[in-house]
Every structure is written in structure tokens, then in C-alpha cells.
Amino acid sequence: ACKLVLRGPKKETTRSKRPEKARPREKADPPKRKRAMAQCFDVGSSSAPTNIAIVKYWGKDVARGGNTPINSSCSLTLDPEDLRAETVIVASPAFEADELYLNGKKADTTGESTHAKRLRLCLATMREKCRTLPPNSTARDVDELKRWKVRVASRNTFPTAAGLASSAAGYAALVVAAAQLYGIDESFPGELSTVARRGSGSACRSLHGGLVAWRKGGAAKQQEGDDAAAKKQEEEEEDSKAEQFFDEGYWPELRVIVLVANANEKETPSADGMQQSVATSPFLSYRAASVAEPRVEALRSAFERKDFDEFAELCARDSNSFHAVCLDTYPPIFYLDNTSRAVVKAVHAFNAFHGETRVTYTFDAGPNAVIFCKTPDTADTFAALAATLFLQENLCNRPDHLARCMQQRPPAPALVDACGGARHLGADVKMIYLTRVGRGAVSPLPNDAIAALIDLKTLEPMQLTTEKPKKKMPLSTKTLIAVGSVLLFSLVLTVTARRPG
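Because the structure is a prediction, the values reported are computed rather than measured.

Thresholds, definitions, all that
Residues numbered from 1 in each chain as written. Predicted model: local features only at pLDDT ≥ 70, side-chain atom pairs only at ≥ 80, totals over all residues. Heavy atoms only, no water. Helix = DSSP H or I, 4+ residues; strand = E, 2+ residues; numbered from the N terminus. Buried < 20%, exposed > 50% of the residue type's maximum accessible area, 1.4 Å probe, protein only. Contact = heavy atoms within 4.5 Å. Disulfide = S-S within 2.5 Å. Phe/Tyr/Trp six-rings, centres within 6.5 Å; stacked < 30°, edge-to-face > 60°. Lys NZ or Arg CZ within 6 Å of the ring centre and 35° of its normal. Axes fitted to C-alpha atoms, helices over the stretch in contact; angles between N-to-C directions. Parallel < 35°, antiparallel > 145°, perpendicular 65-115°, else oblique. Left-handed = near helix turned anticlockwise from the far one by under 90°. Nonpolar A, V, L, I, M, F, W, Y, C, P; charged D, E, K, R; others polar. Pairing = 2+ DSSP bridges. Arc of directions from axis to C-beta. Expected span 1.5 Å × (residues − 1). Polar contact = N/O pair within 3.5 Å; in protein donor to acceptor, adjacent residues only side chain to side chain.

(A) Summary view of the overall build of the chain. Of the regular secondary structure elements, the chain holds 16 helices and 15 strands. Here the chain holds 501 residues, and 52% of them are scored as buried. For the chain, restricting intrachain contacts to residue pairs at least 6 apart in sequence, the fraction spanning at least 24 positions comes to 81%.

(B) Representation of the state of the cysteines in the model. Taken as a whole and judged by the stated rule, the model has zero disulfides. Looking at C405, it has no disulfide partner, and the nearest cysteine sulfur is the one in C396, 8.5 Å off.

(C) Here's a closer look at the packing of aromatic side chains. Evaluation of the coordinates by the stated rule reveals 15 aromatic pairs. An angle of 65 degrees between the planes, with centres 5.8 Å apart, marks the rings of W251 and F311 as edge-to-face. On the criterion of sequence distance, the pair formed by W251 in the loop between β9 (242-246) and β10 (255-260) and F311 in helix α10 (residues 308-328) is long-range, its members being 60 residues apart. Given a relative accessible area of 6%, W251 falls into the buried group. F311 sits in the buried class, given a relative accessible area of 0%. Seen from the ring of F245, R300 lies directly overhead, with NZ or CZ sitting 4.1 Å from the centre.

(D) Spatial organisation of unusual backbone geometry. At the junction of Y330 and P331, the peptide bond is cis and its omega measures out at -10 degrees in the coordinates. In this fold, P331 is placed in the loop between α10 and α11 (338-354). In this structure, P444 follows S443 across a cis peptide bond, with omega equal to 0 degrees. Mapping P444 onto the fold places it in the loop between β13 (431-435) and α15 (447-453). Of note, the phi angle at N67 is positive, near 60 degrees, even though the residue is not glycine. Residue placement: N67 occurs in the loop between β2 (51-55) and β3 (73-77).

(E) Looking closely at the packing of helix α4 (residues 166-182) against helix α5 (residues 191-199). Taken N-terminus to C-terminus, the directions of α4 and α5 make an angle of 135 degrees; their axes are 9 Å apart at the nearest point. If you check the angle between α4 and α5, you find them oblique. Crossing hand, α4 versus α5: right-handed. Along its contact with α4, which presents Y171, V175 and A179, the element α5 presents L192, V195, A196 and G199. Per-class residue counts for the contact of α4 with α5 are six nonpolar, one polar and no charged.

(F) Main features of the sheet that holds strand β6 (residues 105-107). One open sheet accounts for five strands, arranged β1-β4-β7-β5-β6; its pairing is mixed. What marks the edges here is a single partner per strand, and that holds for β1 (42-49) and β6. Adjacent strand axes in the sheet meet at a mean angle of 20 degrees, parallel and antiparallel pairs treated alike. Relative to strand β7 (residues 149-156), strand β4 (residues 84-92) runs antiparallel, the two being bridged by eight bridges. Bridge pairing in β7 places A85 opposite N156. Along the sheet, α4 makes contact with β1, β4 and β7, crossing β1 at roughly 150 degrees.

(G) Region of the structure containing helix α13 (residues 399-408). All buried positions along α13 are accounted for by P399, L402, A403, C405 and M406. All buried residues of α13 lie within an arc of 155 degrees about the axis, which places them on one face of the element.

(H) Inspection of α10 at higher detail. The first and last C-alpha atoms of α10 sit 30 Å apart over 21 residues, in line with the 30 Å expected at 1.5 Å per residue. The residue sitting at the N-terminus of α10 and contributing the capping side-chain oxygen is D307; that oxygen lies 3.2 Å from the backbone nitrogen of D309.

(I) How the structure looks around the pairing of strand β11 (residues 359-363). Buried residues dominate β11, accounting for five of its five residues. Of the two faces of β11, the one lined by V359, Y361 and F363 and the one lined by T360 and T362 are each fully buried. In the sheet, β11 pairs with strand β12 (residues 369-373) via five bridges, with the strands oriented antiparallel. Among the inter-strand pairings, T362 is bridged to a residue of β12, identified as V370. Counted along the chain from β11 to the antiparallel partner β12, the turn is five residues long.

(J) Spatial organisation of the side chain of S46. Residue position: S46 is located in strand β1. From its side chain, S46 meets the backbone oxygen of V442 in a polar contact 2.8 Å long. Aside from chain neighbours lying at most four places away, what touches S46 is A85, E86, T87, A173, V176, A177, A441, V442, S443 and L445.

(K) Quick peek at the sheet that holds β13. Strand order in the open sheet formed by four strands is β11-β12-β10-β13, and the pairing between neighbours is antiparallel. Unpaired on one side and paired on the other, β11 and β13 mark the two borders of the sheet. Averaged over all pairs of adjacent strands, the angle between their axes in this sheet comes to 20 degrees, without regard to strand direction. In the sheet, β10 pairs with β12 via five bridges, with the strands oriented antiparallel. Note that in β12 the partner of L259 across the bridge is A369. Contacting β11 and β12, α10 runs over the sheet at an angle of about 25 degrees to β11. Sitting on the sheet, α11 is in contact with β10, β11 and β12, with an inclination near 160 degrees to β11.

As C-alpha cells, then:
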């Protein structure tokens, strides 16, 4: 919180001092009054990473409410140095309404859209939890602070609403920043995750690093039967919260590659897709009870033993079962595209070529692939293969590293051919992120990051681009020749194989 106005006790006048004549009260100039009010403001800030679900949830428990899921889920948090949301929240008497600026653009906060209602709910919940005035607040008392409207400025360093859990990172950052603003400490473990969950279900997992579960909760209600109806709704929802299984340093060899096939907003938002599946898919309830729930514990066990074979199979199978539910929905929901299917084929071909499971895949509600790799060397080798097969614009968050991978680890022509060779040139990956498992949300942001989001002199949001500038991979002549030779050799093999007797 920022304290720019210091209120001290009023000075007492002595009797010997002659009283001043009363002056006529002047009307305050509205701009001057607004500037004076703008000097009173409090600030909270945070950054939160995205997370990628390995055991996925799909569908809300409408009977319980509170944005609770019908099955538990489990995810890995990605390194916030590569994919994160950054959020600043400012409370001031100068604001007339709560406002949200996402990637520099003003978003709806008053309408009836799902995210507008969830944003209002999160802010209202955090205000309600503010019971004591933070030490550095410029407000007179806690009630005044809670009355002040807020301005939220947030940005993502990766594509928004494209199936990479941008809403999870965003709401996690919002809740942690609001906790700083309002001076909120958790009254029970996981309390903030229950608030983040109300904004975006998977946001509760982004508060922690490493392997994190989101427990569906409701155990007390299930055990007590009719007696649970007497409980308050908020008490029933407290056990639907995040739980960290292992931190980000537990399995340090793991690497992650994100292949962005489409950075645009998906045609069917996740919230809408879930509603359609709950209403029309018979497979959904079976998957939730008989497939997803047991997999959470199986995944925890495999991760504890660092058993990549079992981890990889659980990861790919759960992704497949999730998208099977989407296809079982009526009308069906298509999140995967031709590039997604080409990546799946490449993963299986890569493992078969090396005679062991070295990589695996998962897809959230979108066409973008997340590849988990057993070791850093494996990640470099698969990154070179993926770039050779799919990358059209040579864009990467670590372009120099990818260029070295392609120069030092060019894929074997036989492997390229096994992946489909030239037939996969139609598949198009727009961007490659090379990353790893990372930490959870942190607060506050560095001063320069806050200044990049909002001007604390005027309290006006800064104009932002949607993402960080994409970096083109510098391909040397040697690299281009190596890649071209691999593709040419693959084409020759394909033509020769198809030539009649």
C-alpha cells in the first residue's frame, strides 16, 4: 500500500492567540478536488503464473454453488518468468466505479457476462474479508477503505483466452494483489484459493508452485447427508480449495514446451463448454467419478516416485478422455485442430523412435499443446523436431536457445519421416515457449512492473500491447541448411517409398 497523505493530530490553539476572522468558504474547484482525492490511494500488486492441468476438471457442481467442480483436478505450475499475469489494484476515493483494464483495454465490469459477475464477486468477497485497516493505508478507517472503488490493471505475457489458462493466472494475481491491498491474512490454509476459485476455477492452483491439486470438496456434505443442509453455504465450500503436493523444486529435471497453434480466443469459452457438457454428455459424470478422481492420487504417487513412464501415460490419457467428453457433448465441441493432431502423432513417433517414453502431451480447452519432457536434453531434441515440423514464423521466447537446439540436435530424417515429414508442413505453430515447472503467485510487484501497468501520479492505466514482443529465432545459414536437408531427405524417402514396383 502507498501512503502519500499523513494525517496527524490537530494542533490545539492557546487562549493567548487571537482568533482569526472567519473567511467566506470558497467552492472547491472540481479538478483541484479530484487531484486532492487522488493523493489518497492504496495499492496492491501481484504476479501469478499459469498452470496446466494434467488431471482436468470439466463441469461445475451447480447444487453446491461457489464455482465448485464435479471432480478434483491436478496441475503443474509453469515458470512465471515465461508465462504469467501481472496485476495492480488501486483503491481511491477519486474513482466512481470499479474498473478493469486487461492488456491496456478497458473490460466490462458492470454487465451480465460470466467474467464481469465473477470479478464483482471476487472484489466483494475480498472487501468483506477486510476487517482491520492495513498499517500503511491512507484511508481513515477500514469502512472507508472498503467503500473506495478500485481500478485494476492487468496484463498477460502470453496469449489470452486461447487455452493456456490465462484466466487462472489473472484471477490468482487479482486475489493476491487484493489481499495485499486490504491487509488480509488467511484464517485457514487455502482461504485465498477459495476466493480465486470463484473467479476462475483453476486459478486456485496458480497460487502455488509445483504439483498442485484442486480438491472438489463436499466430503462433509456427502458423509452427513441431510444434516449438511443446515450448514452455511460458505462452510460447505471451504474444503474446495488448492493443495500443494510437491513444490517446484521436487522434480528439477522436468522441462516444458508450449506449442501455440492458435493465439486467438477460442470459439467456445470454457465456461460455456462446461455447461453444454453437463447438460448433454453421458460420459461426463462417469469420467468425473470413475476416471478423474482415482487419477489424482495415481498422479501424486507417480510424481512422488518420479516415474516418468506412468506420469506420461496418465497425462496423455487424461487429455484424451477430456476431449472425448467434448466430442460426446451435443453438439460436439472441437478444441483440437489439425496442428494438435499432428503434435500428438509427433510425440508418439518420437517415443517410438527412441524406444522409450521421453515426452508426453496434454491439451486444455484449446488447440495449443503442452509437452512435458523427461530431461533438459530431451526437451532440446524435441524442440528442434517441433520447430522443424511445425514452426512457420520462427518465433520463440528463447530464440537463441532454440537456434542452438536446431543446429546441434537436428532431427534424424527417419524421425521426421515417422512424424509425417512434409505432410505436416500444413500444421502451423505460431510460437514456441521453452519453460519449466515454476513457483506460485507472489506479491508485491517490483516498482518498475507497477509503473508499467499504472501511473501512480495520475492513477491512469498505461497503454499495453497484448503480449510481450515476440522474438524471432535467428537462424544461421548452417541451421537453415541442416533443416532443409532433413526435410529434403524426408521427401525423397516418401516419394521413393510410394514409387510403384
